[in-house]
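# Chain and residue survey
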Amino acid sequence: MYTTEGAVMYFPVLFVLTCLVSADAAAPRTYLLQEVGNPSCVRCCGPSEEPAEPPKKSKVKEYAVYPMPRVQPRIEMSILKGEKGEIGGKGPPGISGKEGQRGHQGQPGMKGQKGQTGPPGNSCKIQYAAFSVARRKSLHSTEYFQTVVFDTAFVNLYEHFNMFSGTFVCYVPGIYYFNLNVHTWNLKETYLHIMKNNEETAILYAQPSDRSIMQSQSLMLQLRDKDEVWVRMFKRERENALYNDDTDVYIIFNGYLVKAMDD
């Protein structure tokens, strides 16, 4: 122990803890300052010893600097972590972005395998044309020229024969074969023209007779696109008529393409 002026006192120790904390400073450090060499203290002595001369007082205090261990707080995340939540619902779609620029053309790909044969093309491209029509009612001429209209179609390929007007319209240019069969009426004249557009191309004629007979006429024509072929009755001084009954068919007009015209 040390005494100062007849009094007993312990060695005073001053602990100063300074924490240098800064959010912007890196690795702050803490120091411990301890006062040493207090000049106001003297060594205690026994009765037989003379007291030592007390040291001179000094107003200057000396300190020893010791670095203090840094205390780094640690948070245990396993304690603060909660339970896993449920998956949330799908959010609304976002706004579409702007269309990007068109990329460069890529390299040509490899040649593919040969495909299967496709279905047939448009029927109008096929080089066929044919018709066979008939009239089931008798006909008496009432005008100077009168078109023969047919009411029964046996064959009318691609509807090239117009049943309302009694006209065949050429949609495939080429060479055609035509045939006309009729039944004459007793004691009446039979006079018919096979027409190409407005031109008489062939005549079917039978004089009046006490017997009715079958008459036939045929020919071949070279037709261009939209040419028309039809039959008309020609009335002169005598009555002109075609015979037919309700059960049999006697009046028949046929035509078909023999050879299409080369392009």
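Thresholds, definitions, all that
Residues numbered from 1 in each chain as written. Predicted model: local features only at pLDDT ≥ 70, side-chain atom pairs only at ≥ 80, totals over all residues. Heavy atoms only, no water. Helix = DSSP H or I, 4+ residues; strand = E, 2+ residues; numbered from the N terminus. Buried < 20%, exposed > 50% of the residue type's maximum accessible area, 1.4 Å probe, protein only. Contact = heavy atoms within 4.5 Å. Areas by Shrake-Rupley, 256 points an atom, 1.4 Å probe, with all protein chains shown as cover. Lys, Arg positive; Asp, Glu negative; His and termini not counted. Salt bridge = Lys/Arg side-chain N within 4 Å of Asp/Glu carboxyl O. Polar contact = N/O pair within 3.5 Å; in protein donor to acceptor, adjacent residues only side chain to side chain. Pairing = 2+ DSSP bridges. Axes fitted to C-alpha atoms, helices over the stretch in contact; angles between N-to-C directions. Phe/Tyr/Trp six-rings, centres within 6.5 Å; stacked < 30°, edge-to-face > 60°. Core = buried A, V, L, I, M, F, W, Y, C linked by side-chain atoms within 4.5 Å. pLDDT = per-residue confidence, 0-100.

Below, the discussion takes up the overall build of the protein. The helix and strand tally for the protein stands at one helix and 19 strands. By residue count, 26% of the 263 residues in the protein fall in the buried class. Taking the intrachain contacts of the protein between residues at least 6 apart in sequence as the baseline, contacts between residues at least 24 apart amount to 70%. Carbon and sulfur atoms provide 53% of the accessible area of the protein, an area that totals close to 20,700 Å².

Relative to the assigned elements, Arg 135 resides in strand 7 (residues 130-135). Lacking a salt bridge, the buried Arg 135 has Asp 151 as its closest oppositely charged neighbour, with an N-O distance of 5.4 Å. A polar side-chain atom of Arg 135 sits 2.7 Å from the main-chain carbonyl oxygen of Val 149.

Opposite charge on two side chains makes pairing possible when the charged atoms of those side chains draw close. Taken as a whole, this structure holds three salt bridges when the rule is applied. Glu 239 is the salt-bridge partner of Lys 188, the closest N and O atoms lying 3.7 Å from each other. Within this pair, whereas Lys 188 is found in the loop between strand 13 (174-183) and strand 14 (190-196), its partner Glu 239 is found in the loop between strand 17 (228-234) and strand 18 (241-242), the two being separated by 51 residues in sequence. For Glu 239, a relative accessible area of 41% puts it in the partly exposed group. For Arg 232, the salt bridge is made with Glu 200, and the minimal N-O distance between the two is 2.6 Å. Of the two residues, Arg 232 is situated in strand 17 and Glu 200 in strand 15 (residues 199-206); the sequence distance between them amounts to 32 residues.

Spatially, five strands are ordered 10-7-19-13-16 in an open sheet, and the strand pairing comes out antiparallel. The open sheet has two free edges, formed respectively by strand 10 (152-156) and strand 16 (214-223), since each of these has just one partner strand. Geometrically, the sheet is characterised by an average inter-axis angle of 10 degrees between neighbouring strands, direction not taken into account.

Another point: the packing of aromatic side chains. Using the criterion set out here, one finds 19 aromatic pairs in the structure. Judged by centre distance (5.0 Å) and plane angle (25 degrees), the rings of Phe 131 and Phe 168 are stacked. Here the residue Phe 131 occupies a position in strand 7, and Phe 168 occupies one in strand 12 (residues 167-169), the gap between them amounting to 37 residues. The exposure class assigned to Phe 131 is buried, which follows from its relative accessible area of 2%. Judged by relative accessible area, Phe 168 falls into the buried class, the value being 1%.

Among the secondary structure elements, Phe 178 is positioned in strand 13. For Phe 178, a relative accessible area of 0% corresponds to the buried category. Placed 78 residues apart in sequence, Phe 178 and Tyr 256 show a C-alpha to C-alpha distance of 6.9 Å. Setting aside chain neighbours within four positions, we find Phe 178 in contact with Phe 131, Phe 168, Gln 217, Ser 218, Leu 219, Leu 221, Leu 223, Val 229, Phe 253, Asn 254 and Gly 255.

Within the largest apolar cluster, 29 residues are counted, with the highest numbers of intra-cluster contacts made by Phe 168, Tyr 176, Phe 178, Leu 180, Leu 192, Leu 223 and Phe 253. Mapped onto this core, the elements with two or more residues apiece are strand 7, strand 13, strand 14, strand 15, strand 16, strand 17 and strand 19 (251-260). Beyond its immediate sequence surroundings of up to four residues, Phe 253 is in contact with Phe 131, Ser 132, Val 133, Phe 150, Phe 161, Phe 178, Asn 179, Leu 180, Val 229 and Val 231.

As paired strands, strand 7 and strand 19 are joined by six bridges and run antiparallel to one another. Residue pairing in the sheet places Ser 132 in a bridge with Asn 254 of strand 19.

Below, the discussion takes up the confidence of the model for the protein. Residues at a pLDDT of 70 or more form 67% of the protein, whose mean pLDDT is 77. For residues 1-27, every residue scores under 50 in pLDDT, and the model assigns this stretch 39 contacts once sequence neighbours within four places are set aside.

Another aspect to go through is unusual backbone geometry. Excluding glycine, most residues fall at negative phi; most peptide bonds, likewise, are trans. With a phi close to 60 degrees, Tyr 158 is a non-glycine residue in the positive phi region. Tracing the backbone through its elements, the reader meets Tyr 158 in the loop between strand 10 and strand 11 (161-162). Classification of Tyr 158 by relative accessible area gives partly exposed; the value is 29%. One non-glycine residue, Lys 226, adopts positive backbone phi at about 75 degrees. By relative accessible area, which is 48% here, Lys 226 ends up partly exposed.

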